[in-house]
Amino acid sequence: MDETMIILRLVHIFSGSFWVGTDLLMMLVIVPAVAALGPTGGAFMQGMQKHTRYAQLMPLASLLTIISGLWLYTRVSDGFNRDWMESAAGLTLTVGAIAGLLAFFDGLLLIGPTMKRLDAVQHRLMASNPHPRPELVAEVQRLKARSAFAMQSTTVLSVISLVGMASARYM
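Predicted model, so just to flag it, every value in this text is computed and none were measured.

> It is not clear to me how the packing of helix H1 (residues 3-37) against helix H3 (residues 54-76) should be interpreted in this structure. Could you clarify?
In helix packing, the relevant descriptors are the interaxial angle and the interaxial distance, both defined with respect to the helix axes. In the contact formed by H1 and H3, the axes pass within 8 Å of each other and the chain directions differ by 140 degrees. With respect to their mutual orientation, H1 and H3 come out oblique. H1 and H3 meet at a crossing whose hand is left-handed. Taken together, the residues that form the contact of H1 with H3 break down as 15 nonpolar, nine polar and three charged.

Right, dumping it as structure tokens:
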């Protein structure tokens, strides 16, 4: 019995499930509800960021998924053995791994900074009420569109990664 592989798989599966599940929940349920609520939805998102551990849990889950996944990949591929990597299972797992890495960097380099900037601009916008400055309103709209695109692309990438991980062993 290989205890290291068991622990790595458990960490990878639980953190990855949380990551992909939360991405899907956000994209398919929460973001459309927030958009439909208008200004109240913005207040909800700010409250979620401020009063829950969402902003800490998502980076942690994705980081645990990536670290455990790379460790697993190294072990399963026998140290990046070319023959294994060119097999159907190896190629499927590689596509899933690359999609997961792209999703991770999308979140790290695009979603996180965009959400922080959006929060800061929304605070400035609320402080300028009852006469909101048009450039702040435009900036909020631009940042919302950017974050929506980034969330969608991250979700698609994380689902591709999930499909690769789930199906590789059967190739």
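> Explanation requested: the packing of H1 against helix H6 (residues 134-167) in the structure shown.
The interhelical angle for the contact between H1 and H6, taken along N-to-C directions, is 140 degrees, at an axis separation of 10 Å. Taken together, H1 and H6 sit at an angle that is classed as oblique. The element H1 and its partner H6 pack so that their crossing is left-handed. Residues His12, Val20, Asp23, Leu24, Met26, Met27 and Val31 of H1 lie in contact with H6, whose contacting residues are Met151, Gln152, Thr154, Thr155, Ser158, Val159, Leu162 and Met165.

> Before we go on, may I ask you to explain the nonpolar core in this structure?
Membership of the largest hydrophobic core comes to 25 residues, with the highest contact counts inside it found for Trp19, Met26 and Met45. The dominant element in this core, judged by the number of residues it contributes, is helix H5 (residues 88-127), at nine residues. Once you skip the residues sitting within four places of it in the chain, tryptophan 19 turns out to touch Met58, Ala61, Ser62, Thr65, Ile66, Gly100, Ala103 and Phe104.

> When you look at the side chain of threonine 92 in this model, what are you seeing that I'm missing?
In this structure, threonine 92 sits in helix H5. Of note is the side chain of threonine 92, whose polar atom sits 2.8 Å from the backbone oxygen of alanine 88. Not counting the four nearest positions on each side in its chain, threonine 92 is found in contact with Gly164, Ser167, Ala168 and Met171.

> Honestly, the layout of surface pockets in this entry has me stumped. Any pointers?
Using a probe with the size of a water molecule, rolled over the atoms, empty space left in the structure can be pinpointed. Within this model, the largest pocket holds a volume of roughly 1,400 Å³. Mapped by element, the contributors of at least two residues to the lining of the largest pocket are H1, helix H2 (39-51), H3, H5 and H6. If you tally residues by element for the lining of the largest pocket, the top one is H5, at 13 residues. Partitioned by chemical class, the residues of the lining of the largest pocket number 26 nonpolar, 15 polar and four charged. In this model, the second largest pocket occupies a volume close to 800 Å³. What lines the second largest pocket is a set of 30 residues, among which His12, Leu72, Leu93, Met165 and Ala166 lie closest to the centre. The element contributing the most residues to the lining of the second largest pocket is H1, with eight residues.

> Just checking my understanding: could you explain the pattern of salt bridges for this structure?
Side chains that differ in sign of charge can pair as their charged atoms come close. On inspection of all chains with the given rule, the structure shows four salt bridges. Glutamate 86 is the salt-bridge partner of arginine 82, the closest N and O atoms lying 2.8 Å from each other. A salt bridge links glutamate 139 to arginine 117, with the nearest nitrogen and oxygen atoms 3.3 Å apart. Taken together, the positions of glutamate 139 in helix H6 and arginine 117 in helix H5 put the pair 22 residues apart, joining distant regions of the chain. You can call glutamate 139 buried: its relative accessible area is 18%. For arginine 117, a relative accessible area of 37% puts it in the partly exposed group. A network of salt bridges, in which partner residues are shared, links Arg117, Glu139 and Arg142.

Thresholds applied
- Residues numbered from 1 in each chain as written.
- Predicted model: local features only at pLDDT ≥ 70, side-chain atom pairs only at ≥ 80, totals over all residues.
- Heavy atoms only, no water.
- Axes fitted to C-alpha atoms, helices over the stretch in contact; angles between N-to-C directions.
- Helix = DSSP H or I, 4+ residues; strand = E, 2+ residues; numbered from the N terminus.
- Parallel < 35°, antiparallel > 145°, perpendicular 65-115°, else oblique.
- Left-handed = near helix turned anticlockwise from the far one by under 90°.
- Nonpolar A, V, L, I, M, F, W, Y, C, P; charged D, E, K, R; others polar.
- Contact = heavy atoms within 4.5 Å.
- Core = buried A, V, L, I, M, F, W, Y, C linked by side-chain atoms within 4.5 Å.
- Buried < 20%, exposed > 50% of the residue type's maximum accessible area, 1.4 Å probe, protein only.
- Polar contact = N/O pair within 3.5 Å; in protein donor to acceptor, adjacent residues only side chain to side chain.
- 1 Å grid on protein atoms, 1.4 Å probe; cavity = no way out; pocket = protein on both sides within 12 Å on 5 of 7 lines; lining within 4 Å.
- Points joined across faces, edges and corners; volume = space filled by probe spheres on them.
- Salt bridge = Lys/Arg side-chain N within 4 Å of Asp/Glu carboxyl O.

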